[in-house]
Amino acid sequence: MAAQTILFDFTLDKDKTGDEKQRQDVAKILRNELEHIFPQLELAYCMESPENGYFAVLHENKDTVITVRIFQHGLLTLNVEYFLPEGKEPVLSFEGAMRLEKVLALKLKAVKGQKLPALKRGDVARYFPSSDERIIEYDIDKVVYEARSPFQKIQIMHSKTLGNMLLLDELQNIAESDLIYTETLMCRGAENYEGKEICILGGGDGALLYELLKENPKHVVMLEIDELVMQACNKYLSVICGDVLEKRKTDQYEIIVGDCVDYLKKFIAEGRKFDYVFGDLTDIPITDTPEGETWDFIRTIFEHSFQVLKPDGKYLTHGNGSTCTVGLRLFEEQLELLRPKVKFTTTKAFVPSFMEEWLFYQVTFA
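Bear in mind the structure is a predicted one, so any value in this text is a computation, not a measurement.

**Structural notes on the pairing of strand β13 (residues 171-175)**
So, point 1. Summarising the sheet, strand β12 (residues 163-168) and β13 pair through four bridges and their orientation is antiparallel. Among the inter-strand pairings, L166 is bridged to a residue of β13, identified as I174.
So, point 2. If you look at the hairpin formed by β12 and β13, you'll find two residues sitting between the two strands, and D169 has a positive phi there, around 50 degrees.

Right, dumping it as structure tokens:
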């Protein structure tokens, strides 16, 4: 069950919506056509102003609610909203909405028109943002797990095409379909991890640790702050993490539950060094300036990570969507400020559950 919202947009000749009488004429045509589908349609509220144009709320039996706005510049928006119980047929089907859009475009003599598929809002969240804040609809059919740890909101949802998906604070992190994400992060095939010492910062879903262990490293230490994330992924995302989250310590690896910055400081004090350090933490922020708590955290991670990296070691991390050019540029500027100097390369991959291309960084001492 969900609230269904169907959105229509029409662009009219602005000469037809420039004054109150013209907008009233357009509204009359609109209502006449809507009454063919909603015969008991009633006007609940209407407002007109020279600055904001025409606005009306109509309803049928106080069940289906329709809002209309006609802007003086020629834009007309029409929203149809109703509640659809489980097992019931929609008031306005996809095909019916397409027919309505065509009829209205013809009757209104619209320059262009568009109908969006019904937005479904209810118990199951289906809409999440891309890295550049576009709305993506997922084919989620159930919530597998939901909890809140001391650090974040944790959700695992099932997608019909992507499998189980991990979301942290309502942002998509990884799904069963996303092996390409992990392989691109670790540059599989281009890097040789055999016999190497590796440190993973974050990585609570276990996917990176699981794939690295297949490369026969000498030892991997993973620093993850959120025990609850690991418990959830161990139970519901074993496709991507195998059984590596079952144990916290083996001959091949150790998972330390705690703040990675605290343990990096400990490693620095001990003089411990790694061949590879993975930053599998927060994404690069989408901001205009490198300021704020997240940027401070990124700089702290840089400062400490390169102190535990061997002279010929490599720092590997994920960036953000490749369309987020400003945030990526700011990130690269922070790298350029590091001393000793570093150099970097990038790789890209289309990540299925992100539904966009993602950028990854490989950083070494210059």
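**Observations concerning the pattern of salt bridges**
So, point 1. Counted under the stated rule, the structure contains 19 salt bridges.
So, point 2. A salt bridge links K120 to E137; the nearest nitrogen and oxygen atoms lie 4.0 Å apart. Here the residue K120 occupies a position in strand β7 (residues 119-122), and E137 occupies one in strand β9 (residues 135-137), the gap between them amounting to 17 residues.
So, point 3. Of the charged contacts in the structure, one is a salt bridge between D132 and R134, with a shortest N-O distance of 3.0 Å.
So, point 4. The class of D132 is partly exposed, set by a relative accessible area of 29%.
So, point 5. Salt bridges sharing common partners tie together E183, R188, E211, K214 and E215.

**Let's talk about the nonpolar core**
So, point 1. Ranked by size, the top nonpolar core spans 38 residues in total, and within it L166, I200, L209 and F278 carry the most contacts.
So, point 2. Of all the elements, helix α4 (residues 207-213) adds the most residues to this core, at five residues.
So, point 3. Among the domains, domain 2 (124-173) and domain 3 (175-365) are the pair contributing at least three residues each to this core.
So, point 4. Beyond its immediate sequence surroundings of up to four residues, I200 is in contact with L208, L209, L212, V220, V221, M222, L223, F278 and D280.
So, point 5. The next biggest cluster of nonpolar side chains, apart from the first, holds 29 residues, and it includes V221, L264, I298 and L330.

**Considerations on helix α1 (residues 20-37)**
Count 3.6 residues to each turn of an α-helix, and residues three or four apart come out pointing the same way.
So, point 1. If you check α1, its first and last C-alpha atoms are 26 Å apart, about what 18 residues at 1.5 Å a residue would give, namely 26 Å.
So, point 2. On its buried side, α1 packs onto β2 (41-49), β3 (53-60), β4 (64-70), β5 (75-84) and α2 (94-107).
So, point 3. Capping the start of α1, D19 holds a side-chain oxygen 3.2 Å from the backbone nitrogen of K21, two or three residues further along.

Conventions used here
Residues numbered from 1 in each chain as written. Predicted model: local features only at pLDDT ≥ 70, side-chain atom pairs only at ≥ 80, totals over all residues. Heavy atoms only, no water. Pairing = 2+ DSSP bridges. Helix = DSSP H or I, 4+ residues; strand = E, 2+ residues; numbered from the N terminus. Salt bridge = Lys/Arg side-chain N within 4 Å of Asp/Glu carboxyl O. Buried < 20%, exposed > 50% of the residue type's maximum accessible area, 1.4 Å probe, protein only. Core = buried A, V, L, I, M, F, W, Y, C linked by side-chain atoms within 4.5 Å. Domains from an automatic or database assignment. Contact = heavy atoms within 4.5 Å. Expected span 1.5 Å × (residues − 1). Polar contact = N/O pair within 3.5 Å; in protein donor to acceptor, adjacent residues only side chain to side chain.

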